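Results of the structural survey
Each chain is listed here by its residues.
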Amino acid sequence: LVVLVSGFLGYKFYKNTAKVFNGNIFGIFSNTKLKGEDQGRVNIMITGTSEDDPGHAGAMLTDSIMIASIDPVNNTGFLIRIPRDLWVNYETDSCQFGNEGKINAVYECGQDIKFHEDGFPDGGLGLMEKVIEKDFGLDINYYVKINYTAFKDRMKNRPAVARVLEDEKIKV
């Protein structure tokens with residue numbers, strides 16, 4: 001009886017995990033290459049907005065823009081912070097702000113004009129990626145957009161960080 005129950009449970013485990021791993025339960029051990037890894041560097045664009053903060057003027061501006069650049073061969077990486085007041089060409093003539101200005105307005109411009117171009121994501125992140133690739137000569141392989149509330153809530157759960165923020169008289 002124990003052998004039958006064990007066999008049945010083993011079979012169910014195998015069938016269910018095969019569904020998760022597309023028929024190959026050993027797929028968890030495969031090594032999938034990241035975009036950019038063949039060129040020796042994986043670049044991730046990280047942006048932050050306050051769109052979810054009610055009543056915040058300029059909520060669609062990306063006041064935080066960084067590039068995480070990872071060298072997977074040598075296991076090294078670095079962060080590049082892009083100043084939000086950096087003057088750039090918006091790579092479009094359809095933007096309400098004109099065709100050039102501060103880089104932190106690129107996301108809002110892309111959202112407003114519903115940016116769509118092959119090779120880039122749709123919307124503001126796509127236009128931001130295009131501008132960064134052109135102006136910095138970096139291929140952006142991935143992107144992340146962080147909203148203010150998620151960041152604020154995460155920091156509230158970190159007593160040491162919350163204490164520093166309070167000491168600096170920053171509302172959290």
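The structure presented is a predicted model; accordingly, all values stated were derived computationally and were not measured.

Scanning the protein from N- to C-terminus turns up five helices and six strands. The secondary structure elements of the protein, listed N-terminal to C-terminal, are α-β-β-β-β-β-α-α-β-α-α. Expressed as a percentage of the 172 residues in the protein, the buried residues total 30%. For the protein, the proportion of contacts with a sequence separation of at least 24, taken over those separated by at least 6, is 43%. Carbon and sulfur atoms make up 56% of the accessible area of the protein, which totals about 11,500 Å².

Right, let's talk about the pairing of strand 3 (residues 76-81) for a bit. In terms of residue burial, strand 3 counts as a barely covered element, since only zero of its six residues are buried. One ladder, built from six bridges, connects strand 2 (residues 64-71) with strand 3; its direction is antiparallel. By the bridge assignment, Ala68 is partnered in strand 3 with Leu79. The antiparallel hairpin formed by strand 2 and strand 3 contains four residues in its connecting segment, where Asn75 sits at a positive phi of about 55°.

Right, let's get into the pattern of salt bridges. Note on pairing: side chains with opposite charge can pair once their charged atoms come close. Here the structure, examined in full by the defined rule, presents five salt bridges. Close ionic contact of Arg84 with Asp63 constitutes a salt bridge, the shortest N to O distance being 3.6 Å. Linking Arg84 in the loop between strand 3 and strand 4 (87-89) with Asp63 in the loop between strand 1 (42-49) and strand 2, this pair joins segments that are 21 residues apart in sequence. Looking at Arg84, the relative accessible area reads 36%, which means it is partly exposed. Between Lys134 and Glu91 there is a salt bridge, with its nearest N and O atoms 3.5 Å apart. In this pair, Lys134 sits in helix 3 (residues 124-136) while Glu91 sits in the loop between strand 4 and strand 5 (100-102), placing the two residues 43 residues apart along the sequence.

As a further point, take the sheet that holds strand 3. Spatially, four strands are ordered 3-2-1-6 in an open sheet, and the strand pairing comes out mixed. The sheet is open, and its two edges are formed by strand 3 and strand 6 (142-147), each paired on a single side. Adjacent strand axes in the sheet meet at a mean angle of 20° when their direction is disregarded. Strands in contact with helix 3 are strand 1, strand 2 and strand 6; relative to strand 1, the strand with the most contacts, it is inclined by about 130°.

Moving on, we come to the environment of Val144. Position of Val144 among the secondary structure elements: in strand 6. The partly exposed category is assigned to Val144, whose relative accessible area is 35%. Through-space distance from the C-alpha of Val144 to that of Leu125 is 8.8 Å; in sequence the pair is 19 residues apart. Those residues in contact with Val144, other than ones at most four positions away along the chain, are Ile44, Met45, Ile46 and Thr47.

This paragraph deals with the confidence of the model for the protein. Mean pLDDT for the protein: 80, with 76% of residues reaching 70 or above. Model confidence for the protein, summarised as mean pLDDT per element, is weakest for helix 5 (residues 159-167) at 50 and strongest for helix 3 at 94. Segment residues 167-172: pLDDT under 50, and five contacts once partners within four positions in sequence are set aside and those in other chains are kept.

Conventions and cut-offs
- Residues numbered from 1 in each chain as written.
- Predicted model: local features only at pLDDT ≥ 70, side-chain atom pairs only at ≥ 80, totals over all residues.
- Heavy atoms only, no water.
- Helix = DSSP H or I, 4+ residues; strand = E, 2+ residues; numbered from the N terminus.
- Buried < 20%, exposed > 50% of the residue type's maximum accessible area, 1.4 Å probe, protein only.
- Contact = heavy atoms within 4.5 Å.
- Areas by Shrake-Rupley, 256 points an atom, 1.4 Å probe, with all protein chains shown as cover.
- Pairing = 2+ DSSP bridges.
- Salt bridge = Lys/Arg side-chain N within 4 Å of Asp/Glu carboxyl O.
- Axes fitted to C-alpha atoms, helices over the stretch in contact; angles between N-to-C directions.
- pLDDT = per-residue confidence, 0-100.

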